[in-house]
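Residue-level structure breakdown
In case you want the letters, here they are:
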There are 2 protein chains.
Amino acid sequence: MGRWEPNARERLAKAALELYSERGYEQTTVAEIAKRAGLTERTFFRHYADKREVLFGGSVALQDLFVNAVAEAPGPAAPIDAAAAGLEAAAAVFDGRREHSRQRQAVIAANTELQERELIKLASLSAALADALRRRGVTEPAASLTAEAGVAVFKVGFERWTAAAEERTLSQVMRESLEELKAVTAGG
Amino acid sequence: MGRWEPNARERLAKAALELYSERGYEQTTVAEIAKRAGLTERTFFRHYADKREVLFGGSVALQDLFVNAVAEAPGPAAPIDAAAAGLEAAAAVFDGRREHSRQRQAVIAANTELQERELIKLASLSAALADALRRRGVTEPAASLTAEAGVAVFKVGFERWTAAAEERTLSQVMRESLEELKAVTAGG
DNA sequence: CTACGCGATGACAGTCACTGACATCACATG
DNA sequence: CATGTGATGTCAGTGACTGTCATCGCGTAG
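Every residue gets a number counted from 1 within its own chain, in the order that chain's sequence is written. Each chain takes a letter, starting from A, and each ligand takes a number, starting from 1, following the order in which they are written. Local features are withheld for residues below a pLDDT of 70 in this predicted model, meaning they are given only at 70 or higher, and side-chain atom pairs are given and counted only at 80 or more; totals for whole chains, interfaces and linings count all residues. Processing note: side-chain calculations cover all non-hydrogen atoms of the structure and skip hydrogens and water entirely.

The secondary structure listing takes helices from DSSP runs of H or I that are at least 4 residues long and strands from runs of E that are at least 2 residues long, numbered from the N terminus. Helices and strands together make up the secondary structure of chain A, namely 9 helices and 0 strands. Order of helices (α) and strands (β) in chain A, N terminus to C terminus: α-α-α-α-α-α-α-α-α. Along the longest, intermediate and shortest principal axes, the C-alpha atoms of chain A span 60 × 35 × 25 Å. When burial is assessed residue by residue, chain A has 51% of its 188 residues classed as buried. Sequence separation of 24 or more characterises 62% of the internal contacts of chain A that already satisfy a separation of 6 or more. Calculation of accessible area relied on Shrake-Rupley with a 1.4 Å probe; when residues are assessed, cover is drawn exclusively from the protein chains displayed. Counting only carbon and sulfur atoms, one obtains 53% of the accessible surface of chain A, whose full area is about 9100 Å². Counting rule for charge: Lys and Arg are taken as positive, Asp and Glu as negative, and neither His nor the chain ends is counted. Note that the charge is assigned to NZ on lysines, CZ on arginines, CG on aspartates and CD on glutamates. Here chain A carries 25 positive and 27 negative side-chain charges, and the mean point of each set is 5 Å from the other. A simple rule labels every residue: compare its accessible area, found with a 1.4 Å probe on the protein chains alone, to the largest value its type can have, and call it buried under 20%, exposed over 50%, or partly exposed in between. The contact criterion used is simple: two residues touch if any of their non-hydrogen atoms lie within 4.5 Å.

UniProt positions are given in the numbering used here, feature names are shortened, and annotations may be inferred rather than shown by experiment. Sequence positions flagged by UniProt for "domain: HTH tetR-type" (unreviewed entry) are, in local numbering, residues 6-66 of chain A. The span residues 6-66 of chain A carries 62% helix and 0% strand; its end-to-end C-alpha distance comes to 30 Å.

What follows concerns the pattern of salt bridges. Only one rule defines a salt bridge in this text: a Lys or Arg side-chain nitrogen within 4 Å of an Asp or Glu carboxyl oxygen. Summed over all chains, the structure comprises 39 salt bridges over all chains. The partner of Glu116 of chain A in a salt bridge is Arg117 of chain B, with the nearest N and O atoms 2.5 Å apart. Of the two residues, Glu116 of chain A is situated in helix α7 (residues 112-135) and Arg117 of chain B in helix α7 (residues 112-135); the pairing between them involves two chains. You'll find Glu116 of chain A and Arg117 of chain B in the same group, each marked buried. Between Arg98 of chain B and Glu167 of chain B there is a salt bridge, with the nearest N and O atoms lying 3.2 Å from each other. In this pair, Arg98 of chain B sits in helix α6 (residues 98-109) while Glu167 of chain B sits in the loop between α8 (142-163) and α9 (170-185), placing the two residues 69 residues apart along the sequence. On the basis of relative accessibility, which here comes to 61%, the residue Glu167 of chain B falls in the exposed class. Beyond isolated ion pairs, a larger network of salt bridges with shared partners links Asp50, Glu53, Arg117 and Lys121 of chain A together with Glu116 of chain B.

In these notes, a set of buried Ala, Val, Leu, Ile, Met, Phe, Trp, Tyr and Cys residues joined through side-chain atoms within 4.5 Å is what counts as a nonpolar core. Residues Phe66, Val70, Phe94, Leu129, Phe154 and Leu170 of chain A are the most contacted members of the largest nonpolar core, which totals 38 residues. Looking at this core, the elements that each hand over two or more residues are α4 (59-71), α5 (79-93), α7, α8 (142-163) and α9 (170-185) of chain A. For this core, the leading source of residues is α8 of chain A, giving 10 residues. Apart from residues lying up to four places away in sequence, Leu129 of chain A is in contact with Phe66, Val67, Val70, Ala147 and Val151 of chain A. Core analysis: the second largest hydrophobic core is formed by 37 residues, Val70, Val138, Ala142 and Val153 of chain B among them.

Turning our eyes to something else, we now look at the interface of chain B and chain A. Contacts between chain B and chain A engage 28 residues on the former and 28 residues on the latter. Each of two parts loses accessible area, computed with a 1.4 Å probe, when they are put together; buried area is these two losses added. Carbon and sulfur atoms make up 71% of the area that chain B and chain A hide from each other, which totals about 2700 Å². Ranking the residues of chain B by area buried against chain A places Glu116, Leu145 and Thr185 of chain B at the top, with a combined share of 23%. What qualifies as a polar contact is a pair of N or O atoms within 3.5 Å, subject to a donor-acceptor requirement within protein and to the restriction that residues adjacent in sequence count only when both atoms come from side chains. Counting across the chain B and chain A interface gives 5 residue pairs in polar contact (both at pLDDT 80 or more). Among the secondary structure elements, those contributing two or more residues to the side of chain B that touches chain A are α5 (79-93), α7, α8 and α9 of chain B. With 9 residues, α8 of chain B is the largest single contributor of residues to the side of chain B that touches chain A.

Buriedness for pockets is judged along seven lines, at least five of which must meet protein on both sides within 12 Å for an open set on the 1 Å grid over protein atoms alone, while cavities are sets there where a 1.4 Å probe fits but cannot get out, and lining residues have an atom within 4 Å of a point. Grid points are joined across faces, edges and corners, and a volume is the space filled by probe spheres set on the points. Under the counting rule described, the total for this entry stands at 3 cavities of 30 Å³ or more. The calculated volume of the largest cavity comes to roughly 240 Å³. Surrounding the largest cavity, 16 residues form its lining, Leu119, Glu148 and Lys155 of chain A together with Glu148 and Lys155 of chain B being those nearest its centre. Residue type decides the class: Asp, Glu, Lys and Arg count as charged, Ala, Val, Leu, Ile, Met, Phe, Trp, Tyr, Cys and Pro as nonpolar, and the leftover types, Gly among them, as polar. In terms of residue class, the lining of the largest cavity is built from 10 nonpolar, 2 polar and 4 charged. Within this model, the second largest cavity holds a volume of roughly 50 Å³. Forming the boundary of the second largest cavity are Leu145, Glu148, Ala149, Ala152 and Leu181 of chain A together with Leu145, Glu148, Ala149, Ala152 and Leu181 of chain B. Only α8 of chain A together with α8 of chain B provide two or more residues apiece to the lining of the second largest cavity.

Attention shifts here to the environment of Gln63 of chain A. All names here are of chain A. Relative to the assigned elements, Gln63 resides in helix α4. Residues Gln63 and Ala128, spaced 65 residues apart in sequence, show a C-alpha to C-alpha distance of 7.7 Å. With sequence-adjacent residues up to four places away left out, Gln63 is seen in contact with Ser124, Leu125 and Ala128.

Given below as structure tokens:
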């Protein structure tokens, strides 16, 4: 065994989430993660740029999904409605992964460095959304602000969904949060 | 000289900004910053938690200012208007510091780790704003969403201000950005 | 079947951010 | 002039991350 077991990358991600959950992010060394995955520390860094990134392997796929949905929204849709289409597409990914999402969120919530990484992933998402909106003809600063608003809704909605006891769909929570944002910004 | 020169903390911040500008964040070691400030590496870490934090010494004061303005906004003001009052107060701090702001923004824009730190400072600001709004009687999720919206306006407004050639006031740019956000979220 | 090439992994040395422990200095106060 | 206190220096150590080279498993040309 050892060399040439398949799925090294996924094994590392699984081992990392387990160890971060068991003893905390800071108390886990990269060498321990690699060992549990049957690999060496050096190989860990060939698959992930750093100790944080191992929790964010899916962020590229999520961003692509979100952005494509915005790009392919009906031509006449308003910017905010295009963003809403992106939220729907993104929300669908998490169906049936609520427990995994919860565990991951708990690990991130417990450590500042991991929160930083999560925030920059969301910022990257926001930038990509603004780009997609501009390609739809939306001008600045409306594009950036719509993107920021969309990500804010995603963030708040996702937090409420992982925290909630009941079994509402993420997509439902997203829709409600978006309506709340509209109500709130209409208030002035 | 050496021991007991005054303002060690400020000297470190100045040396760091200079070195990060001259040769980049990654190419600068903490030992070099300390040396330029006439101190040792160990002393650097007594003043700043890490190599990034040295660029964010003023964030606590900014947050306090922003939050206090929200808390002290007129009683009957809508949540979004209370946030607007906070934006005004925050904007005032940067009057006459445009060049310094530009240099600092350039350093941060050039490095991902620094962007992460900036984002978590903004997230902290958002959380504090949501808190202040809740103390005004605003309920969730309106408080969080208003806070996120306020920070989004701050972020976009600040970027436009440092990027702009003309000499508009930051406060003016903030007001415009807020109006844009309102227009955009009303669109659906 | 064998030699060769290629991509993934291991082994090892090195840099640097960051921390704990203890000594030392400048100044205030009695 | 003695003593306490807070800021600084010194030193040793851990762990994240990188560069370099050797090694392994497997496919493929001959």
